[in-house]
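Survey of secondary and tertiary structure
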Amino acid sequence: MTLPAFRRPAPHRAARAALRTPVPGSAPSAADTGVAAGATADAELAGPGTGLATPGPTAGAVTPADEVPAVAGPSPAGGVLPPPAAAAQAAPASSAPPCAAPEIGHPTHPVDPPASQRPGGPWAIWSPCTPDTCLPPRASTGRLRMLRRTTVLLAVLFAGTALIPPAALAGPRLLSPLLRRLHAAVLSAAGVRLVVRGGPLAPADGRGALVVSDHTSWLDVPALGTLGPLTMLAKREVRDWPLIGVLAARIGTLFVHREGLSRLPATVAQTADALRAGTLVGVFPEATTWCGAVGGDYRRAPFQAAIDAGVPVRPVTVTITTPDGRPSTAAAFVGDQTLGDTVGRVLRLPGLVCTVTVGELVEPSDPAAADRRTLARTARDRVRHGR
């Protein structure tokens, strides 16, 4: 059975080629790895380019021109991070001055240039991640597994199109638990085990909240959806996807024009209205997917909506690992990949683990929420530190 081929817009080819030269960085510390000693590479799950470390601290204002995204340290050949002790012993002394910006140390990842040098300018939606540089080799086995999982996954989606409309008419008491079960069923059908740490998403007093997370994979939305009723902000192109677009529209997804700056005030106002009404609004502030080895800038507009509505921000960290705990980019949806390709890669694998860590609320009264720039920086740091 062939999955639909919805193609993502390809990044600027010349710029992408120019950005592929890796920049040497420092090795990850023992605290950043958490990989058991003796772990070996698995070509289907880890592969080249999949060694990820928890990004280090970032500083500075969150603007396209001056933000330095958190980065991961390099991994050895095979893409799996070394054991913590070995990583600590191998870390070279840094010759960079204390105030120097961190460099991208991932061995195959393209360099992320300053915002002013990116294709399309500092405000364009952009990511350096590509399938060639960020993904492990496609699994050569698991065809029967993929066929079986595809059948189950399509059955779940068709069931959703039949059950959601009457549940929506019946109200949130029926719709909310149904959506949580459907999202969990999507992950299960794809062979992904969900682990949740912390929660719930909603504030205890029933207020709305802006739920923010990095965006790496098509698994992010169902993973967040298992935690409670969540209204997602999504690019308008999703509305045209068969089955997925229909389901997204029926559950109240807010579709936005990512490239239309003239429509931005209306989008902020619409989001603020939903938040004031007590809605949990989910957004990926990077505005596009990154592989997870490095992260993108956080756009400030969604945070202005939270400030206008007087609601807190809930940072959430979503990580994808192999069953034995090794970080992997196998489920990433990057560059000019099609939806069919990224879904197919996951369905072929023996299994993945998706861990969702719910962070502490950033309240409107918190100094970290003084303005949208500070709030975006605080949310980004908490997402990438998993707290």
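Computed from a predicted structure; not experimentally measured.

**Thoughts on the packing of helix α5 (residues 143-170) against helix α11 (residues 339-348)**
In contact at an axis separation of 8 Å, α5 and α11 are set at 115° when each is read in the N-to-C sense. The interaxial crossing formed by α5 with α11 has right-handed handedness. Where α5 abuts α11, its residues Arg-143, Arg-145, Met-146, Arg-149, Thr-150 and Leu-153 lie against Val-343, Gly-344, Val-346, Leu-347 and Arg-348.

**Structural notes on the sheet that holds strand β6 (residues 313-321)**
Strand order in the open sheet made by the seven strands is β1-β7-β6-β2-β5-β3-β4, with mixed pairing throughout. Among the strands making up the open sheet, the edge pair consists of β1 (192-197) and β4 (254-256). Geometrically, the sheet is characterised by an average inter-axis angle of 25° between neighbouring strands, direction not taken into account. As paired elements, β6 and strand β7 (residues 352-358) share six bridges and run antiparallel to each other. Within β7, the position partnered with Thr-317 by the bridge is Thr-357.

**A closer look at the side chain of Thr-342**
As for its position among the elements, Thr-342 is in helix α11. From its side chain, Thr-342 meets the backbone oxygen of Ala-332 in a polar contact 3.1 Å long. With near-sequence residues (within four places) excluded, Thr-342 lies in contact with Trp-218, Ala-331, Ala-332, Phe-333 and Gln-337.

**Digging into the confidence of the model for the protein**
When pLDDT is averaged across the protein, the result is 73; 68% of the residues are at 70 or more. Here residues 1-107 scores under 50 on pLDDT; set against residues more than four positions off or in separate chains, the count is 234 contacts.

**Regarding the pairing of β7**
It is a general feature of regular strands that their side chains alternate between the two faces of the sheet. In terms of burial, β7 is a largely internal element, seven of the seven residues being buried. In β7, alternate side chains face the same way, and those of Leu-352, Cys-354, Val-356 and Val-358 on one face and Val-353, Thr-355 and Thr-357 on the other are all buried. Relative to β7, β1 runs parallel, the two being bridged by six bridges. By the bridge assignment, Arg-193 is partnered in β7 with Val-353.

**Side note on unusual backbone geometry**
Here the bond from Gly-199 into Pro-200 is cis, since omega is 0°, no more than 30 degrees from zero. Tracing the backbone shows Pro-200 in the loop between β1 and β2 (209-212). At Ala-287, a position not held by glycine, the phi torsion is positive, near 75°.

**Quick look at the packing of aromatic side chains**
Counted under the stated rule, the structure contains one aromatic pair. Relative to Phe-303, the ring of Tyr-298 lies with its centre 6.3 Å away and its plane at 20°, an arrangement referred to as stacked. Of the residues examined, Tyr-298 reaches a relative accessible area of 2% and is grouped as buried.

**Here's the deal with the side chain of Arg-314**
Looking at the element boundaries, Arg-314 is found in strand β6. Buried and unpaired, Arg-314 has no salt bridge, with Glu-363 as the nearest side chain of opposite charge at 7.6 Å. Within polar-contact distance, the side chain of Arg-314 engages the backbone oxygen of Pro-200 at 3.2 Å. Setting aside residues up to four positions removed in sequence, Arg-314 forms contacts with Pro-200, Leu-201, Ala-202, Pro-203, Leu-210, Val-211, Val-212, Val-358, Gly-359, Glu-360 and Leu-361.

**So, the state of the cysteines**
Applying the stated criterion across every chain, the model contains zero disulfides. Its sulfur unpaired, Cys-134 is 3.7 Å from the next cysteine sulfur, which belongs to Cys-291.

**Thoughts on the pairing of strand β5 (residues 280-283)**
Burial along β5 is two-sided: Leu-280 and Gly-282 facing one way and Val-281 and Val-283 facing the other are all buried. Direction of pairing for strand β3 (residues 231-235) relative to β5: parallel, over a ladder of two bridges. When the bridges of β5 are listed, Thr-231 appears paired with Val-281.

**A short note on helix α9 (residues 264-276)**
Along its 13 residues, α9 runs 18 Å from first to last C-alpha, staying within 8% of the 18 Å computed at 1.5 Å per residue. For α9, the full list of buried residues reads Thr-267, Val-268, Thr-271, Ala-272, Ala-274 and Leu-275. Angular distribution of buried residues about the axis of α9 spans 160°; they occupy a single face of the element. Structural note: α9 exposes Pro-265 and Ala-266 on the side pointing more than 90 degrees away from its buried face. Looking at the packing, one finds that the buried side of α9 touches β2, β3, β4, β5 and α10 (301-309).

**Some details on the nonpolar core**
Of all hydrophobic cores here, the largest spans 47 residues; its most connected members are Val-192 and Leu-201. Of all elements in the fold, only α5, α6 (172-189), β2, α7 (220-225), β3, β6, α11 and β7 reach the threshold of two or more residues within this core. Listed in part, the 26 residues of the second largest apolar core include Val-212, Leu-275, Tyr-298 and Ala-369.

The rules behind each value
Residues numbered from 1 in each chain as written. Predicted model: local features only at pLDDT ≥ 70, side-chain atom pairs only at ≥ 80, totals over all residues. Heavy atoms only, no water. Axes fitted to C-alpha atoms, helices over the stretch in contact; angles between N-to-C directions. Helix = DSSP H or I, 4+ residues; strand = E, 2+ residues; numbered from the N terminus. Left-handed = near helix turned anticlockwise from the far one by under 90°. Contact = heavy atoms within 4.5 Å. Pairing = 2+ DSSP bridges. Polar contact = N/O pair within 3.5 Å; in protein donor to acceptor, adjacent residues only side chain to side chain. pLDDT = per-residue confidence, 0-100. Buried < 20%, exposed > 50% of the residue type's maximum accessible area, 1.4 Å probe, protein only. Phe/Tyr/Trp six-rings, centres within 6.5 Å; stacked < 30°, edge-to-face > 60°. Lys, Arg positive; Asp, Glu negative; His and termini not counted. Salt bridge = Lys/Arg side-chain N within 4 Å of Asp/Glu carboxyl O. Disulfide = S-S within 2.5 Å. Expected span 1.5 Å × (residues − 1). Arc of directions from axis to C-beta. Core = buried A, V, L, I, M, F, W, Y, C linked by side-chain atoms within 4.5 Å.

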